[in-house]
There are 2 protein chains.
Amino acid sequence: MKLLEEKILNEGKVYDGDVLKVDGFLNHRVDVEFLNLCGKEFYGIFAGDGVNKVLTVEASGIGIACLTAQYFHCPVVFAKKSKSANQSADVWQSCAHSYTHGTDNTITVAKEYLGKEDKVLMIDDFLASGNAFNALADICRQAGATILGAGAVIEKTYQGGYEALTKQGIRVESLARIASMSKEDGIKFC
Amino acid sequence: MKLLEEKILNEGKVYDGDVLKVDGFLNHRVDVEFLNLCGKEFYGIFAGDGVNKVLTVEASGIGIACLTAQYFHCPVVFAKKSKSANQSADVWQSCAHSYTHGTDNTITVAKEYLGKEDKVLMIDDFLASGNAFNALADICRQAGATILGAGAVIEKTYQGGYEALTKQGIRVESLARIASMSKEDGIKFC
């Protein structure tokens, strides 16, 4: 998505530790009108597949997930992060490692909100190593839901997330695919 | 908002500890089409006031904030919750007590995303004691931003939040105002 690549080049900042800061439009300040265009783009990609639920993880995924779901006329379910790994009869749960924060999070979805009847589009702000999407996919399988695909606004293609998901048979679509980035050489797209 | 009251009566569940569970449409599963109507309602109330930023707190506020901001054609900023209370030169921060979780959260907003030029509508899913809105208002004052109002989807009118905010001169508008609730007698609106 050309407009998104331009926005990343104009507004994104590369930090040590392979961190791309795009919190001016994606995950702190949310450029709602721009993310609406991203949502429409996801709709263009997955329309016709029968998506009836958009699944994401709190907190950064919620904005783009809600804006995207509007086009599909379907609800969003956002998985909750919890420090405790207590097993509960009422939730599907899985473990996601956070690349940014270096922590393991148990994520949970109430069983009543995800089931066999659901055709799920997973949406998140970033795809890097794929840990968040992996955990969401795990939860979908527990629920017996159909996984139609994973949509990320920005993908770091060199961190293995695409491979980790596609080898499970999951369709992966990212709106901007970063091939490399560094403070010195800037951001290169695929 | 009559439709919202009906939805709360139909789908909400009252639990011990004065907890109203509406996570079937508001804060776990997000009924995007319905919350769009709520966003439009907020627009009807605050249109013409010059809102140029919608401010909320992660995570439950983000969905309704993004859907509302679409009508104002402005961005959302969501305050981040952090366990640490480390003072940073780069953020505005305040302390919010969570009624639901019984914890104190430091919430932060990057200084670059909130300033004197901002005319802020604060949006959240619930208004109870007003702690989250209080912290957001505190952050707005630190930033020199103008507070145009506080909009909550659901207000529990008997917990003092309305009074705590209006005595600071903040306009408070809630789409559904609960006068009382209990497992025995159900939910009564004002």
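Details of the structure are given in the entry above.
Okay, so let's go over this structure. (Residues numbered from 1 in each chain as written. Chains lettered and ligands numbered in written order. Predicted model: local features only at pLDDT ≥ 70, side-chain atom pairs only at ≥ 80, totals over all residues. Heavy atoms only, no water.)

Time to look at the pattern of salt bridges. Side-chain pairs of opposite charge can arise where the charged atoms are in close proximity. Residues and elements named next belong to chain A. The full count for this structure, using the stated rule, is 20 salt bridges over all chains. A salt bridge links Lys 7 to Asp 31, with the nearest nitrogen and oxygen atoms 2.9 Å apart. Within this pair, whereas Lys 7 is found in helix H1 (residues 2–11), its partner Asp 31 is found in the loop between strand S3 (29–30) and helix H2 (32–46), the two being separated by 24 residues in sequence. Accessibility assignment for this pair places Lys 7 and Asp 31 in one class, buried. Here Lys 53 makes a salt bridge to Asp 118, at a shortest N to O gap of 3.2 Å. A residue pair is termed long-range when its members are at least 10 positions apart, and Lys 53 in strand S4 (residues 53–57) and Asp 118 in the loop between strand S7 (103–110) and strand S8 (119–127) qualify at 65 residues. Given the relative accessible area of 7%, Lys 53 is considered buried. Classification of Asp 118 by relative accessible area gives buried; the value is 3%. (Salt bridge = Lys/Arg side-chain N within 4 Å of Asp/Glu carboxyl O. Helix = DSSP H or I, 4+ residues; strand = E, 2+ residues; numbered from the N terminus. Buried < 20%, exposed > 50% of the residue type's maximum accessible area, 1.4 Å probe, protein only.)

It is worth spelling out unusual backbone geometry at this point. The omega angle of the peptide bond from A:Glu58 to A:Ala59 is -5°, so this bond is cis rather than trans. For A:Ala59, the location among the structural elements is in the loop between S4 and helix H3 (60–72). Unlike most non-glycine residues, A:His73 shows phi in positive territory, near 50°. Along the chain, A:His73 turns up in the loop between H3 and strand S5 (76–82). What makes A:His73 exposed here is its relative accessible area of 55%. Positive phi is not limited to glycine here, since B:Asp18 has a value of about 60°. Within the fold, B:Asp18 resides in the loop between strand S1 (13–15) and strand S2 (19–21). Note on B:Asp18: relative accessible area 19%, which makes it buried.

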